Amino acid sequence: MSTSQPASPTPATTPAPTSNISVRRGEPLVVIEHVNKHFGDLHVLNDINTVVNRGEVVVVIGPSGSGKSTLCRAINRLETIDSGTITIDGQRLPEEGKGLAKLRADVGMVFQSFNLFAHKTVLENVTLAPIKVKGMKRKDAEQKAMELLERVGVANQAKKLPAQLSGGQQQRVAIARSLAMNPKVILMDEPTSALDPEMINEVLDVMVGLADQGMTMIVVTHEMGFARKAADRVLFMADGRIVEEAPPAEFFDHPKSDRAKDFLSKILAH
């Protein structure tokens, strides 16, 4: 299966290698070229090529096992790749060491399972990286953390431990923690899949707010409503490939590939 071309690309002001993109809000920020990844005999990422521009929200969808989460984790090298290149703001991902740590500071990550430090308060969870990694003074870090917790609607929980919060509140803290590092891009790997249904919307509302404010985001999700509402572009993956990419209205209303049509017929019927 080959990657389909998006419809009616607008002229690029900044050239990007092998760019396969339909929305050009800003210059290329994340450039993924010919990326391959195997788990044993399984070719989980098969010649992936795409570009995410500054200020763009890209939603990655597809069936389980299609490579979505692996792609998300490869972007900040939580997963290594076998071949190809990933660059962030013009810098190629280092293999390891201080260079990788520095680049990871520019790439926020929000996980499915929150990954908060259980023994630290909400406020401590949000201030830890700015103090330890960026050398911020504690007072400044706490002031910024409170502003971010207010922004995601959990400032009144600042002194509590994560276990005292609902799942939706914990995920909003995780988003605030990611924002505390002033990332250039935020990766979200199925951020609502571990939540009870009534908690999903409170997290999606925060995500929509970030999108409206121009945060560059790559979101792996099963929430098609969020994809329609907040995405600039949808990437549809299957069998380790990007099968199709297009603006959400075009993708959902006029999918081109049989694989995408079959996927949408199953998920949108419920």
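This is a predicted model, so every value here is computed, not measured. (Residues numbered from 1 in each chain as written. Predicted model: local features only at pLDDT ≥ 70, side-chain atom pairs only at ≥ 80, totals over all residues. Heavy atoms only, no water.)

Considering the pattern of salt bridges
Then step 1. For the coordinates displayed, the defined rule picks out 13 salt bridges.
Then step 2. In this structure, Asp253 engages Arg228 in a salt bridge whose closest nitrogen and oxygen atoms are separated by 3.2 Å. Of this pair, Asp253 sits in helix α8 (residues 248-253) while Arg228 sits in helix α7 (residues 224-230); the two residues are 25 residues apart in sequence, bridging distant segments of the chain.
Then step 3. The class for Asp253 is partly exposed, based on a relative accessible area of 45%.
Then step 4. The exposure class assigned to Arg228 is partly exposed, which follows from its relative accessible area of 42%.
Then step 5. Notably, a salt bridge pairs Glu245 with Arg233, separated by 2.4 Å at the nearest N-O pair. Placement of the pair is Glu245 in strand β10 (residues 241-246) and Arg233 in strand β9 (residues 233-238), with a sequence separation of 12 residues. Comparing Glu245 with Arg233 shows no difference in burial state: the two are buried. (Salt bridge = Lys/Arg side-chain N within 4 Å of Asp/Glu carboxyl O. Helix = DSSP H or I, 4+ residues; strand = E, 2+ residues; numbered from the N terminus. Buried < 20%, exposed > 50% of the residue type's maximum accessible area, 1.4 Å probe, protein only.)

A few points about the sheet that holds strand β4 (residues 83-88)
Then step 1. Pairing is antiparallel across the open sheet formed by four strands, whose spatial order is β2-β1-β4-β5. If you trace the sheet from one side to the other, it starts and ends with β2 (42-53) and β5 (91-92), each paired once.
Then step 2. Judged from the five bridges that link them, strand β1 (residues 28-39) and β4 form a sheet pairing that is antiparallel. Its bridge partner being in β4, Ile32 is matched across the sheet by Ile86. (Pairing = 2+ DSSP bridges.)

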